[in-house]
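A structural walkthrough
In case you want the letters, here they are:
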Protein chains: 2
Amino acid sequence: MKEKGKKITIYDVAKAAGCSTATVSLVLHNDKRIKEETRNKVRECIKTLNYKPSYLARSLAIQRTQSIGIIVPEMTNPVFSELVHGAEGYLSQNGYNVIIGSTNQDLDKEKLYLDMLSGKKVDGLIILPTFLSEIEDKLKDMQAMHFPFVVTGVKSSMKNVNYVSTNKVEGAFIGVEHLIHRGHKNIAFVRGSEVEEHSSERLEGYIKALNVYGIPFREDYIIKSRQDFSDVREKVRGFKKEHPEVTALFCLYDFIAMAVMKALYDLKLSIPKDVAVVGYDNIQLGEYLPVGLTSIDGNNYKVGEIAARILVNQITSDAEEIQHIILTPKLVIREST
Amino acid sequence: MKEKGKKITIYDVAKAAGCSTATVSLVLHNDKRIKEETRNKVRECIKTLNYKPSYLARSLAIQRTQSIGIIVPEMTNPVFSELVHGAEGYLSQNGYNVIIGSTNQDLDKEKLYLDMLSGKKVDGLIILPTFLSEIEDKLKDMQAMHFPFVVTGVKSSMKNVNYVSTNKVEGAFIGVEHLIHRGHKNIAFVRGSEVEEHSSERLEGYIKALNVYGIPFREDYIIKSRQDFSDVREKVRGFKKEHPEVTALFCLYDFIAMAVMKALYDLKLSIPKDVAVVGYDNIQLGEYLPVGLTSIDGNNYKVGEIAARILVNQITSDAEEIQHIILTPKLVIREST
DNA sequence: TTGTAGGCGTTATCAT
DNA sequence: ATGATAACGCCTACAA
């Protein structure tokens, strides 16, 4: 056991093994040029000294970290964690390890992570922005310095930036269309507490579907709330009493749909007989609700995978062309409709 | 990235501003010693050159990263993400940023992250191990080199290692006790597909409760499965047909409880009239199920926070005493019992 | 097969 | 108030 505080470096190993740091370095990388004998000697010293190389110093020297960063708003949301999971799969396949920075929807943190990670802590970045418009400057800077990154999880307004995403307008459209096909005319949109930026596309799809099928859009059919769970539950109860004619609820995402369903149970209403419910995201849990939840699947796993592929390609092949990939969501029908 | 544009360093800024790198560095850190005039000049050059400091080089120089790593089995599990969230709160309060390494329950990845992050990429580590016994060696190494870390999320068998955790034996005990108080005698334990290591404590608590109340333990009341969701659902259906006398199910965790509830609905049974269900972890969703789920709350947010506090304390004050903290879980009663 | 030495981008200690 | 320059720990031509 070493003296406290004294960190042991490649130099210590070299001294102990009676060779140069270069030799130790080569042994560390299993270079065949080193004689069996010296190699063993070095390995022995590494063991007994309990030497661990500094990835920091190594990265600085080789100008590469072999790790890529993912910036996410929060990991409690299954949509994000699925996406991350998809990216991780591809990346670790390809020799990269993944570092996640969770911003908790905090703009300063988002900026900080952007700076930190692009400051060479990682070789590239997959960004799921919470505040896309506020970080455009930083993205431009990153582009200017040719730091590889891809944006995902939102519609990027920057035309010259890599991004992969899903068509949420289309997703909402097929969800509402499905409701219409089921005979519903009075369909409300439960928007929860989500910010404009992350709900506008789905709202657009909702309105589009109504238009296409000649159903007038009513502003008062949009249910907003302050928080996602308890407040939605309350608001929906109130809404349904005021609007008994409404027989279907399209929800911004599955968690909201769960709160909505809870509210309907509170009112002793049956799903889908009295009211039909459609969610968005198709989280795994939806299948295990007592009444399985019909939902829109954005295939987030795939989104993550594709983002990772684009990123790795850009890093390794120095490709410069911008890629925009938009996947089309699928309707998953269960008992709630 | 490549020859596209040479990466611009603090040296370039110094040259452009007609001063030394030392001066630039001082400006970068808002040191008051620098004359207003030069400071502005330097800032201007930084802007126009679009200079971003290398956190890598900086960390190497100051021997500190101001970031701490959290190694988790997976982020899709709310238990882990809550814990991480708790840690993040405390850490960012205290000027650290957090880097998450998700191992996806892969031993090699777990080892890799351990090496990487302790290789000075971070100043300290919070570890939620999947394979505690397999990484003990690495933990010992880290101790030997005085690298700060704390283990959590499991019972650590290493007596001389920091860890904070919850008493899952106790948690399961109060869950099963609650069921017994409700008049149940025949209580099954739904174990799902979880590995021995992560279910043994709760099993112990289950058995203990039975013993205390004079109920014989039956091996065939333990329901195992291959996967967590669809398989549990199937297995529970089969089990309930074979054992109609069983009126209560204690589940290893809430997700399993959800699959269990689904199975009971499949059988047209009512909860809690026909069968009572208790989960574990008290995930937020439990409240929003049509029949609210009674569960055990381990206060994982707090666990993460405490782990973070211990870690920071160890880093900053060089404290050497080992800390073992065990929180006691609470019963949260809802409609399922 | 192995050693020498310069470089990676910052910081920090002396000087000036 | 600012500048030189030696660390920080490792890699890698280029030598030997």
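As a starting point, this report considers the structure included with it. What you see is a predicted model, and the numbers here were worked out from it, not measured in a lab.

With respect to the relation of the copies chain B and chain A
Turning chain B through 180° and shifting it by 0.0 Å along the axis lays it on chain A, with an RMSD of 0.1 Å. Both copies of the chain, as the preceding transformation shows, are related through a two-fold rotation axis. In terms of C-alpha distance to the rotation axis, chain B has B:Ile100 as its closest residue, with the C-alpha 2.4 Å off the axis. A symmetric contact is evident, with 100% of the interface residues of chain B recurring at the interface of chain A.

Some points on the environment of A:Ala61
Structurally, A:Ala61 can be placed in helix α4 (residues 55-62). A C-alpha to C-alpha distance of 44 Å links A:Ala61 and A:Gln284, two positions 223 residues apart in sequence.

Some words on the protein's contact with DNA strand D
Residues in close proximity to DNA strand D total 26 residues, the closest being A:Ile10, A:Tyr51, B:Ser20, B:Thr23 and B:Lys35. Among all atoms of DNA strand D positioned within 4 Å of the protein, those belonging to sugar or phosphate total 82%. One of the side-chain nitrogen or oxygen atoms of A:His29 is found 3.1 Å away from a phosphate oxygen of DNA strand D. Here a phosphate oxygen of DNA strand D and a backbone polar atom of A:Ser54 are 3.0 Å apart. At the level of elements, α2 (21-28) and α4 of chain A together with α2 (21-28) and α4 (55-62) of chain B are the ones that each hand at least two residues to the surface near DNA strand D.

Points about the packing of aromatic side chains
Evaluation of the coordinates by the stated rule reveals 12 aromatic pairs over all chains. Taken together, a centroid distance of 5.1 Å and an interplanar angle of 40° make the contact between B:Phe189 and B:Tyr206 tilted. One end of the pair, B:Phe189, is in strand β6 (residues 187-192); the other, B:Tyr206, is in helix α9 (residues 200-212), with 17 residues separating them in the sequence. Through successive ring pairs, a cluster of aromatic residues spans A:Phe189, A:Tyr206, A:Phe217 and A:Phe250. Taking NZ or CZ as reference, A:Arg58 lies 5.3 Å from the ring centre of A:Tyr55, over its face. Above the face of the B:Tyr280 ring, B:Arg202 is positioned so that its terminal group lies 5.0 Å from the ring centre.

Quick word on the protein's contact with DNA strand C
The environment of DNA strand C is made up of 26 residues, and the closest members are A:Thr23, B:Ile10, B:Ser25, B:Tyr51 and B:Arg58. Sugar and phosphate atoms form 79% of the subset of DNA strand C atoms that lie within 4 Å of the protein. Between a phosphate oxygen of DNA strand C and a side-chain N or O atom of B:Ser25, the distance comes to 2.7 Å. Backbone polar atom of B:Ser54 to a phosphate oxygen of DNA strand C: 2.9 Å apart, as the coordinates give it. At the level of elements, α2 and α4 of chain A together with α2 and α4 of chain B are the ones that each hand at least two residues to the surface near DNA strand C. In the surface near DNA strand C, the residues fall into 12 nonpolar, 9 polar and 5 charged.

Re the environment of A:Leu114
Residue and element names in this part refer to chain A. Inspection of the secondary structure assignment puts leucine 114 in helix α6 (residues 107-121). Taking the relative accessible area as the measure of exposure, leucine 114 reaches 1% and is therefore buried. The sequence separation of leucine 114 and lysine 47 amounts to 67 residues, and the corresponding C-alpha distance is 38 Å. When residues no more than four places from it in sequence are discounted, the contact partners of leucine 114 are Ile71, Leu125, Ile127, Ile135, Lys138 and Met142.

Considering the interface of chain B and chain A
Contact residues are listed per partner, giving 61 residues for chain B and 63 residues for chain A. At the boundary of chain B with chain A, total buried surface from both sides reaches about 5,700 Å², with 62% on carbon and sulfur atoms. The tally of links between chain B and chain A comes to 4 salt bridges. The closest approach of N and O atoms between B:Asp141 and A:Lys52, which form a salt bridge, is 3.2 Å. Inspection of the chain B/chain A interface yields 21 residue pairs in polar contact (both at pLDDT 80 or more). Of all the elements in the fold, those that place two or more residues in the side of chain B that touches chain A are α4, α5 (78-93), β2 (97-102), α6 (107-121), α7 (136-144), α10 (230-242) and α11 (254-266) of chain B. Here the side of chain B that touches chain A takes 8 residues from α6(B), the largest share from any one element. Split by residue class, the side of chain B that touches chain A holds 25 nonpolar, 20 polar and 16 charged.

Structural notes on unusual backbone geometry
In this structure, A:Pro272 follows A:Ile271 across a cis peptide bond, with omega equal to 5°. Mapped onto the elements of the fold, A:Pro272 is located in the loop between α11 (254-266) and β9 (276-278). One non-glycine residue, A:Asp281, lies in the positive phi region at around 115°. Inspection of the secondary structure puts A:Asp281 in the loop between β9 and β10 (295-297). A positive phi is found at B:Gln63, a non-glycine position, where the angle reads about 60°. When you line up the elements, B:Gln63 lands in the loop between α4 and β1 (67-72).

Quick notes on the rules
- Residues numbered from 1 in each chain as written.
- Chains lettered and ligands numbered in written order.
- Predicted model: local features only at pLDDT ≥ 70, side-chain atom pairs only at ≥ 80, totals over all residues.
- Heavy atoms only, no water.
- Least-squares fit on C-alpha atoms with pLDDT ≥ 70 in both.
- Contact = heavy atoms within 4.5 Å.
- Helix = DSSP H or I, 4+ residues; strand = E, 2+ residues; numbered from the N terminus.
- Near = heavy atom within 4 Å.
- Polar contact = N/O pair within 3.5 Å; in protein donor to acceptor, adjacent residues only side chain to side chain.
- Phe/Tyr/Trp six-rings, centres within 6.5 Å; stacked < 30°, edge-to-face > 60°.
- Lys NZ or Arg CZ within 6 Å of the ring centre and 35° of its normal.
- Nonpolar A, V, L, I, M, F, W, Y, C, P; charged D, E, K, R; others polar.
- Buried < 20%, exposed > 50% of the residue type's maximum accessible area, 1.4 Å probe, protein only.
- Buried area = accessible area lost by both parts, 1.4 Å probe.
- Salt bridge = Lys/Arg side-chain N within 4 Å of Asp/Glu carboxyl O.

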